[in-house]
Amino acid sequence: MVSPKTERVHTSYHQAVTATGRLSSTDPNLQNIPIRSEQGRKIRQAFIAPTNYKIVAIDYSQIELRIMAHLSNDKGLVTAFSEGKDIHRATAAEIFAVELDEVTTDQRRSAKAINFGLIYGMSAFGLAKQLNIGRHQAQEYQDKYFQRYPGVLTYMEDTRQQASEQGFVETLFGRRLYLPDIKAKNGMRKKAAERAAINAPMQGTAADIIKKAMLAVAAWLSEQNDDRVKMTMQVHDELIFEIHQDIVEETTAKLVELMNNAVELSVPLIAEAGMGDNWDEAH
DNA sequence: ATTCAAGGCGCG
DNA sequence: AAAGCGCGCCTTGAAT
């Protein structure tokens, strides 16, 4: 797949494929290059910067949960983000009724699973399977969560209702996902449509935001007219750049700022940068 | 030789 | 029976 012209590998991005407004990447797909395992990382290390250049990866921190905070306007969630808290730890402290510094590794792990599960519309059954606990206990976790973050519960209920009444849901910027199965007689199809309805405003708004960030970056790059900075990839909540080593520090700072200010939410939007000679080191 | 569906698995 | 969102690629087995 190396281009004879550039002697590099080029993906193709597709802008009108996904249900939520994300890009997709093919031939090759560069949005699912391994990173989680040690063995996988070795593959990522094969993506290297040109001589005298660095790979810079800048990713949004917890963007979907921040969007949930913004959309639901839940007081506890908004406050936690505004105070710069570790959100999974903060959630654990609330659910398990302990102080922040008393949260155990296991409690944080559980809270993280709950936070992710919420974004996906997961049920108590799914949470139980994920955490390898009983259904009853999973239900208690969920109940406790909604007790502590009532705004999130209201948001979930409102989203389902709106989906049912209108047949679609919207991102913060108004892009719609139509849900033909939302009134299906088949309970499973209906439940699946409800989960998609819950997820789409968050995943979709995140997609909207990074597209705005890419436009802001592109405009700035065009203004700079300096070919020592290149935006080379997008992986859903992160942008990857190649930057000449002579200007990497100040350029990275500027790019982080552009991403942070792509939109304004009721909670801070935080982008974090990593740098290295290869894509693995940049994380 | 090509196409399709299903299962498995990589990522956010 | 299935109960977690969004993707793309590989392999397998069957059909065209």
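Residues numbered from 1 in each chain as written. Chains lettered and ligands numbered in written order. Predicted model: local features only at pLDDT ≥ 70, side-chain atom pairs only at ≥ 80, totals over all residues. Heavy atoms only, no water.

1. Some points on the protein's contact with DNA strand B
Line of reasoning, step 1. Around DNA strand B, the surrounding shell consists of R22, Q31, N32, I33, P34, I35, R36, Q203, V235, H236 and D237.
Line of reasoning, step 2. When atoms of DNA strand B within 4 Å of the protein are split into backbone and base, the sugar-phosphate part holds 66%.
Line of reasoning, step 3. Contact distances for DNA strand B include 2.5 Å between a sugar or linking oxygen and a side-chain N or O atom of D237. (Near = heavy atom within 4 Å. Polar contact = N/O pair within 3.5 Å; in protein donor to acceptor, adjacent residues only side chain to side chain.)

2. Digging into empty space enclosed by the protein
In this approach the atoms are scanned with a rolling probe the size of a water molecule, which exposes any empty space left behind.
Line of reasoning, step 1. What the rule picks out here adds up to two cavities of 30 Å³ or more.
Line of reasoning, step 2. Computed from the structure, the largest cavity encloses a volume of approximately 60 Å³.
Line of reasoning, step 3. Contributing to the lining of the largest cavity are A113, I114, G117, L118, M122, S123, L127 and Q142.
Line of reasoning, step 4. Considering every element that reaches the lining of the largest cavity, the biggest residue donor is helix 5 (residues 105-120), with four residues.
Line of reasoning, step 5. Residue classes in the lining of the largest cavity are distributed as five nonpolar, three polar and no charged.
Line of reasoning, step 6. Each pocket or cavity is described by its volume, and for the second largest cavity that value is around 40 Å³.
Line of reasoning, step 7. What lines the second largest cavity is simply A19, T20, V169, E170, T171, R175, R176, L177, A200 and P201.
Line of reasoning, step 8. Of all the secondary structure elements, the ones that give two or more residues to the lining of the second largest cavity are strand 4 (168-170), strand 5 (176-178) and helix 9 (187-224). (1 Å grid on protein atoms, 1.4 Å probe; cavity = no way out; pocket = protein on both sides within 12 Å on 5 of 7 lines; lining within 4 Å. Points joined across faces, edges and corners; volume = space filled by probe spheres on them. Helix = DSSP H or I, 4+ residues; strand = E, 2+ residues; numbered from the N terminus. Nonpolar A, V, L, I, M, F, W, Y, C, P; charged D, E, K, R; others polar.)

3. Topic: the pattern of salt bridges
Pairs may arise between side chains of opposite charge once their charged atoms sit close together.
Line of reasoning, step 1. Using the criterion set out here, one finds 13 salt bridges in the structure.
Line of reasoning, step 2. The salt bridge partner of E83 is K85, with a shortest N-O separation of 3.1 Å.
Line of reasoning, step 3. With a shortest N-O distance of 3.0 Å, D86 and R108 are connected by a salt bridge. With D86 in the loop between helix 3 (75-82) and helix 4 (87-95) and R108 in helix 5, this pair connects stretches of sequence that are 22 residues apart.
Line of reasoning, step 4. For D86, a relative accessible area of 31% gives the class partly exposed.
Line of reasoning, step 5. Overlapping salt bridges, with partners in common, bring together R160, K191 and E194 in one network. (Salt bridge = Lys/Arg side-chain N within 4 Å of Asp/Glu carboxyl O. Buried < 20%, exposed > 50% of the residue type's maximum accessible area, 1.4 Å probe, protein only.)

4. Looking at the packing of helix 7 (residues 135-148) against helix 8 (residues 150-166)
For any two helices packed against each other, the geometry is given by the interaxial angle and the distance between the axes.
Line of reasoning, step 1. Running from amino to carboxyl end, helix 7 crosses helix 8 at an angle of 100°, the nearest separation of the two axes being 4 Å. Between helix 7 and helix 8, the angle is such that the two are roughly perpendicular. Here Y145, F146, Q147 and R148 of helix 7 come into contact with helix 8, specifically with P150, V152, L153 and M156.
Line of reasoning, step 2. Here the residues of the contact of helix 7 with helix 8 are counted per class, giving six nonpolar, one polar and one charged. (Axes fitted to C-alpha atoms, helices over the stretch in contact; angles between N-to-C directions. Parallel < 35°, antiparallel > 145°, perpendicular 65-115°, else oblique. Contact = heavy atoms within 4.5 Å.)

The analysis is restricted to geometry; functional conclusions fall outside its scope.
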